[in-house]
Amino acid sequence: MTDEKKVMLTLPEGKTVELPLRKGTEGPQAIDITSLYQQTGMFTFDPGFVSTASCDSGITYIDGQEGILRYRGYPIEELAGNASYLEVVHLLLYGELPSVEELQSFRGHITHHTMINEALRRFFEGFHYDAHPMAMMVGVTGSLAAFYHDSLDIKDARHRDISAHRMIAKMPTIAAACYKHNMGEPVMYPRNDLSYTGNFLYMMFATPCEEYEPNPIAEKALDLLFVLHADHEQNASTSTVRLASSSGANPFACVAAGIASLWGPAHGGANEAVLDMLEEIGSVDNIEKYIAKAKDKDDPFRLMGFGHRVYKNYDPRAKIIREVCHQVLEELADTNNPLFELAMRLEEIALQDEYFAERKLYPNVDFYSGIIYQALGIPRTMFTVMFAIARTAGWVAHWTEMISDPQLRIGRPRQIYTGPTKRAFVPIEQR
Ligand code: SDX
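Residues numbered from 1 in each chain as written. Predicted model: local features only at pLDDT ≥ 70, side-chain atom pairs only at ≥ 80, totals over all residues. Heavy atoms only, no water.

1. Thoughts on the environment of S84
For step 1, the next point in the chain: Note that S84 resides in the loop between α2 (76-79) and α3 (85-94).
For step 2, the next point in the chain: By relative accessible area, which is 21% here, S84 ends up partly exposed.
For step 3, the next point in the chain: In the structure, S84 is positioned 113 residues away from T197 in sequence and 9.4 Å away in space, judged by C-alpha atoms.
For step 4, the next point in the chain: Other than its neighbours up to four places away in sequence, S84 contacts D223 and V227. (Helix = DSSP H or I, 4+ residues; strand = E, 2+ residues; numbered from the N terminus. Buried < 20%, exposed > 50% of the residue type's maximum accessible area, 1.4 Å probe, protein only. Contact = heavy atoms within 4.5 Å.)

As structure tokens, this is what we get:
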């Protein structure tokens, strides 16, 4: 929303330019530079978008200094443990927590889209048995576009709603099929009598050989982890989905682009990298050595699961996950999990080190989540897939918000050109 206040910009040649201020309901003000290039012939420069608001959005609010995270105004601390993942999906998509009837109807829509086309199920036969699940997720999710390409008018709200339901419903089915492919086990078809998360655990761990009922402790812990990972403002993968979708491209292909971005170890791939790091550190005695490596500018090693572009305080999700970690390990009789002990000692030592304190590097959402996934029997290569299942809610909510915005324009950043200036072509005989 434009504020009546303005800022004055004085250019090198002395010319002054007036730029409007923009203010939301919460958070920092913004200088609206939409007209800057047209008024001055100059760009702004902000690689990594540290100081750039790319859009208006009413979905998620983060305050990095205070460690605040709210979905549609509800603090994450109040949603976690009180609202199911599907309630939170409804909140992110439609802006309100559902009533009992609304949740029942929403759950019905999602449940009846959980199967994938049999032709898509056969895609997995083309992958090596040891293909990384995230590689399969990118490929298979993008291929959903081949099944729904013609029935999708993104200008039609009904089509957008069906696409949103399909993506949220099918992600666990595709994810579980990735795991089954790695295990060499048959795919388990969805069960409509189970909850969203219970059905995922069933498709992951059931076999045709015996009855399987999801462990209620595992179901509750995983549903909570899905809530905590559901959305996070304009993070790298959500911004990827927005930029890809701004051209009007098929939303399934755009979500596949988001999955690709999430895979990176600096983003969602960090949860897998944390467990690899803890295993490499091996024991409490080695912690000091690895903290020194993390501080050494000449050493590419970073403390995975630490630091955040926005949070310069504790990631509120990390606090909740650490508590859940304790409970899950105790309830699953894995209390002396050496990796959890090591993670807690690493956190304690790192937070006492001035390098981390100065840079406000705290544990983030990825630091403890992998330990819970491992305790639930989920293999490390599937950790980022867990993140992708949960974050589909955020990607789809931001896609819906952006596509239904009448002001939508294709995202097309500019650059500062640093290449050769004009030069004449030289025929190959003279080179
Ligand atoms: C997620 O954006 C989101 O919202 C993401 C996310 C979501 O829900 O979508 O929250 C999920 O991706 C969480 C982050 C998971 N990634 C990791 O845990 C990987 C380790 N963390 C870093 O790679 C890093 O902290 C980032 C990528 C998370 C943030 O990078 P920035 O904002 O570009 O920070 P930076 O690289 O500019 O670091 C600032 C300083 C640097 O030192 P100086 O040059 O100032 O001396 O802090 C140092 C960095 O070297 N630093 C670290 C560090 N993270 C930053 N040093 C050691 N270990 C680290 N983990």
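Moving on from the coordinates now.
2. What about the site of the ligand?
For step 1, the next point in the chain: Near the ligand lie 24 residues; those nearest to it are H232, H308, R309, R317 and R391.
For step 2, the next point in the chain: Between the ligand and R317, the relevant distance is 2.7 Å, taken from an oxygen atom to a side-chain nitrogen or oxygen of the residue.
For step 3, the next point in the chain: A distance of 2.9 Å separates an oxygen atom of the ligand from a polar atom in the side chain of N364.
For step 4, the next point in the chain: Burial of the ligand by the protein amounts to 77% of the accessible area it has alone, namely 1,100 Å².
For step 5, the next point in the chain: Here the residues of the shell around the ligand sort into 10 nonpolar, 7 polar and 7 charged. (Near = heavy atom within 4 Å. Polar contact = N/O pair within 3.5 Å; in protein donor to acceptor, adjacent residues only side chain to side chain. Areas by Shrake-Rupley, 256 points an atom, 1.4 Å probe, with all protein chains shown as cover. Nonpolar A, V, L, I, M, F, W, Y, C, P; charged D, E, K, R; others polar.)

3. Considerations on the pattern of salt bridges
For step 1, the next point in the chain: For the coordinates displayed, the defined rule picks out 15 salt bridges.
For step 2, the next point in the chain: The partner of E213 in a salt bridge is R191, and the shortest N-O contact between them spans 3.3 Å. Linking E213 in the loop between α8 (196-205) and α9 (216-228) with R191 in the loop between α7 (157-183) and α8, this pair joins segments that are 22 residues apart in sequence.
For step 3, the next point in the chain: Linking R380 and E279 is a salt bridge whose minimum nitrogen-to-oxygen distance equals 3.0 Å. Placement of the pair is R380 in the loop between α17 (366-375) and α18 (383-403) and E279 in helix α12 (residues 270-281), with a sequence separation of 101 residues.
For step 4, the next point in the chain: By relative accessible area, which is 18% here, R380 ends up buried.
For step 5, the next point in the chain: Look at the salt bridges and you will find they share partners, linking R191, D193 and E213 into a network. (Salt bridge = Lys/Arg side-chain N within 4 Å of Asp/Glu carboxyl O.)

Honestly, it's all geometry; don't read function into it.
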